[in-house]
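Structure at a glance
Chain by chain, the residues:
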Amino acid sequence: KDLFLHFKWFTLIKEIYCYLKIHKSLYGIKTFVYFLLPLKLKTRSRVNENKFLKEKFVQERSGSSSIAKTIYASESLEKALIDHFEYKLEHLLKWEDRNSMRFSLEARVPFLDYRLVEKSLATVADQKIRGGTTKFILKEAMKDIVPEKIRARMDKVGFGTPQNNWFRKPEWQKMINAILNSKSFSERNIIEAETAKKLYQKHLKGDINIAKEIWKWIHLELWFREFID
């Protein structure tokens, strides 16, 4: 998006080509197009993915998504990094802190040294992403320091929780079904209860994996019961 808005289209085409060659996925291209959409269309496209939100709720709220206005609306790579630093980092640090303390682990987040953060934000965009490779300057700096197999690895993932399997276990099924079938859940006028129940049954059969959506449904309802009702 940064390259497109600043008319650096030759570099943009080159980066798209390198991305496709390395990752063999259209995900980044779809995300690029999504970032160019107007605010309401951004929200509407996310809503249409699973269609479990009430239409009235969507119409009333589609122009007020704080995530679409900030995280998904950054005009440059530098602004995107600052927005992530401002809105998302605190959650990651909280989880790192709680998880490490829970299991008596000494954990450090070394790339948070303020001098490195300041330098990273001040570095030009093609030192961050180049040739379809993210963290370009870091990877260049690590040549001959860390094993090449690790340095050049492209399929790294974070530590995730296996909630897709949890939500298929009997004890979770009992709680989730109780929430989805409750009167309060259907009367919130936010989630289409019948749609949610059908999607959950597909999840149980293994036809789809919507653990993130299920997590949102049950937490939203429990939050309402605790703090609003």
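Definitions and cut-offs
Residues numbered from 1 in each chain as written. Predicted model: local features only at pLDDT ≥ 70, side-chain atom pairs only at ≥ 80, totals over all residues. Heavy atoms only, no water. Axes fitted to C-alpha atoms, helices over the stretch in contact; angles between N-to-C directions. Helix = DSSP H or I, 4+ residues; strand = E, 2+ residues; numbered from the N terminus. Left-handed = near helix turned anticlockwise from the far one by under 90°. Contact = heavy atoms within 4.5 Å. Nonpolar A, V, L, I, M, F, W, Y, C, P; charged D, E, K, R; others polar. Salt bridge = Lys/Arg side-chain N within 4 Å of Asp/Glu carboxyl O. Phe/Tyr/Trp six-rings, centres within 6.5 Å; stacked < 30°, edge-to-face > 60°. Buried < 20%, exposed > 50% of the residue type's maximum accessible area, 1.4 Å probe, protein only. Lys NZ or Arg CZ within 6 Å of the ring centre and 35° of its normal. Core = buried A, V, L, I, M, F, W, Y, C linked by side-chain atoms within 4.5 Å.

Turning to the packing of helix α13 (residues 170-180) against helix α16 (residues 211-228), a few remarks are in order. Relative orientation of the contacting elements α13 and α16 amounts to 60°, with a least axis distance of 10 Å. As for the relative orientation of α13 and α16, their crossing is left-handed in sense. In this structure, α13 uses Trp172, Met175, Ile176, Ile179 and Leu180 to contact α16, whose residues at the interface are Ile214, Trp215, Trp217, Ile218, Glu221, Leu222 and Arg225. For the contact of α13 with α16, the per-class residue count stands at 10 nonpolar, no polar and 2 charged.

This part covers the pattern of salt bridges. Enumeration over the complete set of coordinates arrives at 13 salt bridges. With its nearest N and O atoms 2.9 Å apart, the salt bridge here joins Glu194 to Lys197. In this pair, Glu194 and Lys197 both sit in helix α15 (residues 193-205), 3 residues apart, roughly one turn of the helix. Within the structure, one salt-bridge network assembled from shared partners comprises Arg188, Glu221, Arg225 and Asp229.

What follows covers the packing of aromatic side chains. Applying the stated criterion across every chain, the model contains 13 aromatic pairs. With centroids separated by 5.6 Å and ring planes inclined at 80°, the aromatic side chains of Tyr34 and Tyr72 adopt a geometry described as edge-to-face. Of this pair, Tyr34 sits in helix α3 (residues 27-35) while Tyr72 sits in the loop between α6 (66-69) and α7 (77-87), and the two are 38 residues apart along the sequence. Taking relative accessible area as the criterion, Tyr72 reaches 23% and is therefore assigned partly exposed. Linked through ring pairs, Phe4, Phe7, Trp9 and Phe32 together constitute an aromatic cluster. Sitting over the face of the ring of Phe103, Arg102 holds its NZ or CZ atom 4.9 Å from the ring centroid.

On to the nonpolar core. Residues Phe167, Ile176, Leu180, Phe185, Ile191, Ile214 and Trp217 are the most contacted members of the largest nonpolar core, which totals 18 residues. When contributions to this core are tallied by element, the ones reaching two or more residues are α13, α15 and α16. Of the residues forming this core, the biggest block, 5 residues, is contributed by α16. In this structure Trp217 touches Phe52, Leu180, Phe185, Ile191, Ala196, Leu199 and Ile210, once residues within four positions along its chain are discounted.

Everything listed here is a matter of coordinates, which is why it stays silent on function.
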